[in-house]
Amino acid sequence: MNINDYGYNDYFAAHFAAYETSERLIPARISAVFKHVYRVVSEDGEQLAKLKTSSFRDALRVDRPSIGDFVALESHPGDTSLIHQVLPRKTIILRDDPDIGEQVVAANFDYCLLVCSANDDFNLNRIERYLTIAWNSGAQPLIIVTKSDLTDQLDHYLQQLEIAGFGVPVYPVDSIHGDGLTELQAHFAVGDTLVLLGSSGVGKSSLVNALAGEYKMKTNAIREDDAKGKHTTTHRELHLLHNGMIVIDTPGMRSLGIGQASTGLEETFHDIESLAEQCRFHDCAHTEDQPDCAVQQALTEGTLPTKHYNNWLKLKKELAYNERKNNVTQLRQEKQKWKTLSKTHKQNSKNRANR
Ligand SMILES: Nc1nc2c(ncn2[C@@H]2O[C@H](COP(=O)(O)OP(=O)(O)OP(=O)(O)O)[C@@H](O)[C@H]2O)c(=O)[nH]1
Ligand SMILES: [Zn+2]
């Protein structure tokens, strides 16, 4: 097996150089995430691997390997291998889980396919949300309109998406009959990794299936054995398609918050952001009661669509909420750290006194 087939390239090789030591570490990619173990692919083929305890003792959840990560692997063919390090990520999508905190949804993908369907489910606000996430991830967004065969108003949908996308390519496809696939396919090269963002039923699996000429994406929870017993996948998998492209499939994509994607928000709504620079006051809230607000003026003149503006306000609120929440978490963590420190300090003083 050649790791280059799995998207390994000069970028990762440059970072891996630091680990090319006597320990015989090899580069590998995480292809599935289980509860306590990972599946990795490398020149030694497909194997199960665990974290090297000393490398990950104090690691935060986000610093542990996730689907799509490249790692430095101590390979033990036929036995459980050991993951020493996660190589720096080129692109990333994070997700804030209320129960377990921030985690990596996917890493090291080249394209974010923002998928919506040309029917009643069509939702521009959702695409703007996905655009925000995509821009923030560092990968190139592409907008895909599926089920082009089911509408006679395709141009109407395309037009709206082209306005919302500000130059992001928009591709209509019919995954059942194959229309539009060649144009989309032309965008990709062998070894490119894709993630798909889109609600349930918009046709993500069908699209991947059509691109690859095979069915690969719907994955049921599988069980695999290792020495320690059974474990179940958390549905986070990476597939190498027959056409040489790689797809990351994770259910986390279906309900993503924007997290702290402030850069993504600026990109997605850069029309409003640049209007805002023309407001009279630096701290203008761009609401109706603000004097000389360029955003309000554009709304009145009709050059700025109300729906677009409302979605911006909504996502900005979500962002502010996430930032506040994050501050509270940080404060709590700081407090905990001080508690532990002062406890150790007290213990040390006591030990000294007892000597
Ligand atoms: N007519 C038509 N039907 C499509 C097209 N793409 C998908 N479908 C149908 O839409 C339904 C949902 O497609 P899926 O590919 O399973 O959707 P999904 O986004 O993967 O759904 P989840 O796995 O729930 O996230 C299926 O019945 C598909 O056959 C298309 O381009 N044209
Ligand atoms: Zn304003």
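Definitions and cut-offs
Per chain, residues are indexed from 1 in the order of the written sequence. Chain labels run from A onward and ligand labels from 1 onward, assigned in the order the entries are written. Under the rules for a predicted model, residues below a pLDDT of 70 receive no local features and side-chain atom pairs below 80 are neither given nor counted, while totals for whole chains, interfaces and linings still include all residues. Neither water nor hydrogens contribute to the side-chain values; these are computed over all heavy atoms in the structure. Here a residue is considered near a molecule or strand provided that any single heavy atom belonging to it is located within 4 Å of it. Within 3.5 Å is the distance limit for a polar contact, defined as a pair of N or O atoms, with the added protein rule that one can donate a hydrogen and the other accept it, and that residues adjacent in sequence qualify only through two side-chain atoms. Using a 1.4 Å probe, the Shrake-Rupley method yields the accessible areas, and only the shown protein chains count as cover for residues. Polar here means any residue other than Ala, Val, Leu, Ile, Met, Phe, Trp, Tyr, Cys and Pro, which are nonpolar, and Asp, Glu, Lys and Arg, which are charged; Gly is therefore polar. By convention in these notes, a salt bridge is any Lys or Arg side-chain nitrogen within 4 Å of a carboxyl oxygen on Asp or Glu. In this description a helix means any DSSP run of H or I spanning at least four residues, a strand means any run of E spanning at least two, and both kinds are numbered starting from the N terminus. Each metal's donors comprise the N, O and S atoms found within 2.8 Å of it (within 3.2 Å for Na, K or Ca). Water is not part of the atom list, so some coordination spheres may appear incomplete. Exposed residues in this analysis have more than 50% of their type's maximum accessible area, buried residues have under 20%, and partly exposed residues fall in between, with area computed by a 1.4 Å probe over protein chains only. Residue contacts are counted whenever heavy atoms from the two residues lie within 4.5 Å of one another. Strands qualify as paired when DSSP identifies two bridges or more between them. Helix span is expected to be 1.5 Å times the residue number reduced by one. Cavity and pocket criteria rest on a 1 Å grid covering protein atoms alone: a 1.4 Å probe that fits but cannot get out defines a cavity, protein on both sides within 12 Å along at least 5 of 7 lines defines an open pocket, and an atom within 4 Å of a point defines a lining residue. Grid points are joined across faces, edges and corners, and a volume is the space filled by probe spheres set on the points. UniProt positions are given in the numbering used here, feature names are shortened, and annotations may be inferred rather than shown by experiment.

Asks: I keep staring at the site of ligand 1 and nothing clicks. Help me out?
Replies: As a structural note, the neighbourhood of ligand 1 is formed by 16 residues, with D149, S175, S200, S205 and S206 the closest of them. In the environment of ligand 1, an oxygen atom lies 2.9 Å from a nitrogen or oxygen atom belonging to the backbone of G201. In isolation ligand 1 exposes 650 Å². Once the protein is present, 74% of that is buried. When grouped by side-chain class, the residues that make up the shell around ligand 1 number 3 nonpolar, 7 polar and 6 charged.

Asks: Whenever I open this one, the pattern of salt bridges confuses me. Can you help?
Replies: Oppositely charged side chains can pair when the atoms bearing their charge come close. Scanning the entire structure with this criterion turns up 7 salt bridges. The partner of R89 in a salt bridge is D69, and the shortest N-O contact between them spans 2.8 Å. One end of the pair, R89, is in the loop between β5 (81-86) and β6 (92-97); the other, D69, is in the loop between α2 (53-56) and β4 (70-74), with 20 residues separating them in the sequence. One salt bridge in this structure joins D292 and R280, with 2.7 Å as the shortest N-O distance. Highlighted residues: D292 in the loop between α8 (270-276) and α9 (294-301) and R280 in the loop between α8 and α9, separated in sequence by 12 residues.

Asks: Is there a simple way to explain the coordination of the zinc ion (ligand 2) in this structure?
Replies: Six octahedral donors at a metal ideally form angles of 90 or 180 degrees, and four tetrahedral donors ideally form angles of 109.5 degrees. All of the protein donors around the zinc ion (ligand 2) are C279 (SG), C284 (SG), H286 (ND1) and C293 (SG); their distances to the metal are 2.1 to 2.4 Å. Donor residues binding the zinc ion (ligand 2) come from one chain and are separated in sequence as C-x4-C-x1-H-x6-C. With respect to class, C284 is no different from H286; both count as buried.

Asks: Explain the environment of D271 here, please?
Replies: Looking at the element boundaries, D271 is found in helix α8. For the pair formed by D271 and F166, sequence separation is 105 residues and the distance between their alpha carbons is 9.0 Å.

Asks: It is not clear to me how the side chain of H308 should be interpreted in this structure. Could you clarify?
Replies: Tracing the backbone through its elements, the reader meets H308 in helix α10 (residues 306-354). Side chain to side chain, H308 and E128 meet in a polar contact 2.5 Å long. Of note is the side chain of H308, whose polar atom sits 3.0 Å from the side chain of D271. Those residues in contact with H308 that lie beyond four places of it in its chain are E128, T268, F269, D271 and I272.

Asks: How should unusual backbone geometry be read in this particular structure?
Replies: If a residue is not glycine, its phi is most likely negative; likewise, a peptide bond is most likely trans. Positive phi, close to 60°, is recorded for K147, a residue that is not glycine. Along the polypeptide, K147 turns up in the loop between β9 (140-146) and α4 (154-165). For F166, which is not a glycine, the phi torsion comes out positive at approximately 45°. Mapped onto the fold, F166 is located in the loop between α4 and β10 (170-172).

Asks: Even after reading the chapter, I still don't get the pairing of strand β3 (residues 45-51), so can you show me in this structure?
Replies: Within a regular strand, side chains alternate between the sheet's two faces. By the bridge criterion, 5 bridges tie strand β2 (residues 38-42) to β3 in an arrangement that is antiparallel. The residue bridging Y38 from the neighbouring strand is A49, located in β3. Hairpin geometry of β2 and β3 is characterised by an intervening segment of 2 residues between the two adjacent antiparallel strands. Strand direction decides the pairing type here: β3 and β5, joined by 3 bridges, are parallel. Bridging from a neighbouring strand, L51 pairs with I83 of β5.

Asks: Is there a simple way to explain helix α3 (residues 124-137) in this structure?
Replies: The periodicity of an α-helix, 3.6 residues per turn, causes residues three or four positions apart to be oriented the same way. If you check α3, its first and last C-alpha atoms are 20 Å apart, about what 14 residues at 1.5 Å a residue would give, namely 20 Å. By the criterion of burial, α3 is predominantly enclosed, with 10 of the 14 residues buried. Taken together, the buried positions of α3 are L124, I127, E128, R129, Y130, L131, T132, I133, A134 and S137. A side-chain oxygen of the first residue of α3 lies 3.0 Å from the backbone nitrogen of N125; this N-cap is N123. The positive-phi residue at the C-terminal boundary of α3 is G138, with phi of around 100°.

Asks: Can you help me understand empty space enclosed by the protein in this one?
Replies: In this approach the atoms are scanned with a rolling probe the size of a water molecule, which exposes any empty space left behind. Going through the model one piece at a time under the given rule, you end up with 2 cavities of 30 Å³ or more. Computed from the structure, the largest cavity encloses a volume of approximately 50 Å³. Residue lining of the largest cavity: V115, C116, S117, D121, N123, R126, I127, Y130, S199 and V202, and that is the complete set. The set of elements that each furnish at least two residues to the lining of the largest cavity consists of β8 (111-117) and α3. The class makeup of the residues in the lining of the largest cavity is 5 nonpolar, 3 polar and 2 charged.

Asks: What is the right way to look at the UniProt feature "binding site: Zn(2+)" (unreviewed entry) in the chain in this model?
Replies: According to UniProt, the feature "binding site: Zn(2+)" (unreviewed entry) maps to C279, C284, H286 and C293 in the numbering used here. Along the chain, C279 turns up in the loop between α8 and α9. What makes C279 buried here is its relative accessible area of 8%. Mapping C293 onto the fold places it in the loop between α8 and α9. Judged by its relative accessible area of 5%, C293 is buried. Those residues within four positions of C293 in sequence are excluded, and the remaining contacts are C279, C284 and H286.

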